[in-house]
Amino acid sequence: MLKKFLTCFSLLFVLALASTAQAKPAELTGINAYDLDRETVRIEISYRDGRLDTSDVSSEFSAAGMKLDLDNALPGRVSRVSGIQIQSGAKSFIEKISVNETAKRHTSIRINFKSAVSSGDATIDFEPANRAEKKDARIIVDVKKSPARDERSTEDFSGNGRIIVLDPGHGGSDAGAIGPTGVTEKSVALAVSLKAQRLLDAAGYQVVMTRTTDVDVAAPGVPDSTELQARVDKAPPNAALFISVHCNAFSNGKANGMETYHAPTAVKGARLARLLNEELERLGGLSNRGVKAARFYVMTHSKCPASLIELGFITNPREEKLLASEDYQQKLAQAITNAVNRYFNQGGFD
Ligand SMILES: [Zn+2]
């Protein structure tokens, strides 16, 4: 009796602890898509450890597919190359499934369909783990198939799930450059990148952020190359572009203007840097210092086309004010988004 009481008591204690600490994240173990019947395709997303329910999962629909955002979840061993199965019957309806950790403990699953799907065509359910059947807990997405959509509607989703890595420069222990009234480079870079993330996401890209808060990506006090390599490493192997966002600084407060960079012999990187430069120039607020080649770490080590942009001089009082304004930050984010769209939709690069 006493023993039983103790057990109950300790169980309560554990439960109390669990509710105050952050819940253990769910870890994906596999995705399996198959035809449930002639009209319905089922996508089972299996996971272990944490528990997911309706409050952790949100869905979004666009012309080409659906996106599931999972809070407190990690991709685990599921990636484009492993852990995702589309059975042959479902292949006539599902174009592609991709998984990315888009922020810390936040995983996005994008399912591209060959036909248009709207929110009314899909249901999302949750199945607990079934030990007897040796099945992990699952999110079950059932989608009603609809007739193939015409060619033109694919243009609505120009991003087509491509992965864009945004790297807000500096962060945490490293403020970057600091303006005359105290505006920091790290805060401007982050604000602009987060705004660009929203715009790119809405345009159908998958955005991977090297950081989403004011932190060192590796750790405070590590050598620069370790910190920068940690940023490069955030890019999944199938990333399409890497864009690092910075502000310029100079001892003379009169120095001004924006500029964009690419690695010296990078043809695609140069094209990206040129498009970014053109779009930033279109904003009209700042002088254009041009497109330049340089051996910045994140550009020379990135496995995909990369560019580093200097949005303006934070040490210039007029530009500091501009860079700190929400309105101008939104315009900068739009300029980045326009450049990315042009990169993929003009000239046939991939
Ligand atoms: Zn910088």
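Residues numbered from 1 in each chain as written. Predicted model: local features only at pLDDT ≥ 70, side-chain atom pairs only at ≥ 80, totals over all residues.

What follows covers the overall build of the chain. Counting its secondary structure elements, the chain contains 7 helices and 16 strands. Counting only residues that meet the buried cut, the chain has 41% of its 350 residues in that class. Taking as baseline every contact in the chain between residues at least 6 positions apart, the subset at least 24 positions apart corresponds to 73%. (Helix = DSSP H or I, 4+ residues; strand = E, 2+ residues; numbered from the N terminus. Buried ≥ 20, exposed ≤ 12 C-beta atoms within 10 Å, placed from the backbone. Contact = placed C-beta atoms within 7 Å.)

As a further point, take the sheet that holds strand β3 (residues 57–62). Taken in spatial order, the 4 strands make up an open sheet running β3-β4-β8-β7, and their pairing is antiparallel. Each edge of the sheet is formed by a strand with only one pairing partner; in this case those strands are β3 and β7 (94–103). Ignoring which end each strand starts from, the neighbouring axes of this sheet average 15° apart. Both strand β4 (residues 65–71) and strand β8 (residues 106–113) contribute to a ladder of 7 bridges, which runs antiparallel. From the neighbouring strand, D71 faces β8, where its bridge partner is H106. (Pairing = 2+ DSSP bridges. Axes fitted to C-alpha atoms, helices over the stretch in contact; angles between N-to-C directions.)

Our focus in this paragraph is the confidence of the model for the chain. When pLDDT is averaged across the chain, the result is 87; 88% of the residues are at 70 or more. Counting interchain partners and residues more than four positions distant, the pLDDT-below-50 stretch residues 1–20 has 1 contact. Every residue in residues 148–157 scores below 50 in pLDDT, and together they form 14 contacts with partners more than four places removed in sequence or on other chains. (pLDDT = per-residue confidence, 0-100.)

Read across the open sheet, the 6 strands follow the order β12-β11-β13-β16-β14-β15; overall the sheet is mixed. Looking at which strands have only one partner, the edges of the open sheet turn out to be β12 (206–209) and β15 (288–293). Each adjacent strand pair in this sheet contributes to an overall mean axis angle of 20°, direction not counted. Judged from the 5 bridges that link them, strand β11 (residues 163–168) and strand β13 (residues 241–248) form a sheet pairing that is parallel. Residue pairing for β13: L166 is matched across the bridge by I243. This element, helix α6 (residues 317–324), spans β13 and β16 (306–313) of the sheet and lies at about 120° to β16.

Attention now moves to the packing of helix α2 (residues 185–202) against helix α7 (residues 326–345). Running from N to C, α2 and α7 point in directions that differ by 50°, and their axes come no closer than 8 Å. Classified by the interaxial angle, the pair formed by α2 and α7 is oblique. Of the two elements, α2 crosses α7, and the hand of that crossing is right-handed. For the pair α2 and α7, contact is made by A191, V192, K195, A196, L199 and L200 and by Q329, Q330, L332, A333, Q334, I336, T337 and V340, respectively. A per-class count over the contact of α2 with α7 returns 9 nonpolar, 4 polar and 1 charged. (Parallel < 35°, antiparallel > 145°, perpendicular 65-115°, else oblique. Left-handed = near helix turned anticlockwise from the far one by under 90°. Nonpolar A, V, L, I, M, F, W, Y, C, P; charged D, E, K, R; others polar.)

Alternating positions in β12 separate into two faces, Q206 and V208 on one and V207 and M209 on the other, with burial throughout. Traced from β11 through α2 to β12, the parallel crossover comes out right-handed. (Right-handed = clockwise from strand over helix to strand, strands pointing away.)

A few words now on unusual backbone geometry. Residue D49 is not a glycine yet carries a positive backbone phi of 70°. Unusually for a residue other than glycine, K134 sits at a positive phi of about 55°. Relative to the helices and strands, K134 is located in the loop between β9 (122–127) and β10 (137–144). Judged by local crowding, K134 falls into the exposed class, with 7 C-beta atoms found within 10 Å.

Checked against the element boundaries, A293 lands in strand β15. Classification of A293 by C-beta neighbours within 10 Å gives partly exposed; the count is 15. Between the alpha carbons of A293 and A273 there is a distance of 9.3 Å; along the sequence they are 20 residues apart. Look past the residues within four positions of A293 in its chain and what remains in contact with it is H262, A263 and P264.

Those residues of helix α3 (residues 224–233) lying buried are E227, L228, R231 and V232. On an axial view of α3, the arc spanned by its buried residues comes to 140°, and they lie on one face. Exposed residues pointing more than 90 degrees away from the buried face of α3 are listed as S225 and D233. Structurally, α3 contributes buried residues whose contacts are with β11 and α5 (297–301). (Arc of directions from axis to C-beta.)

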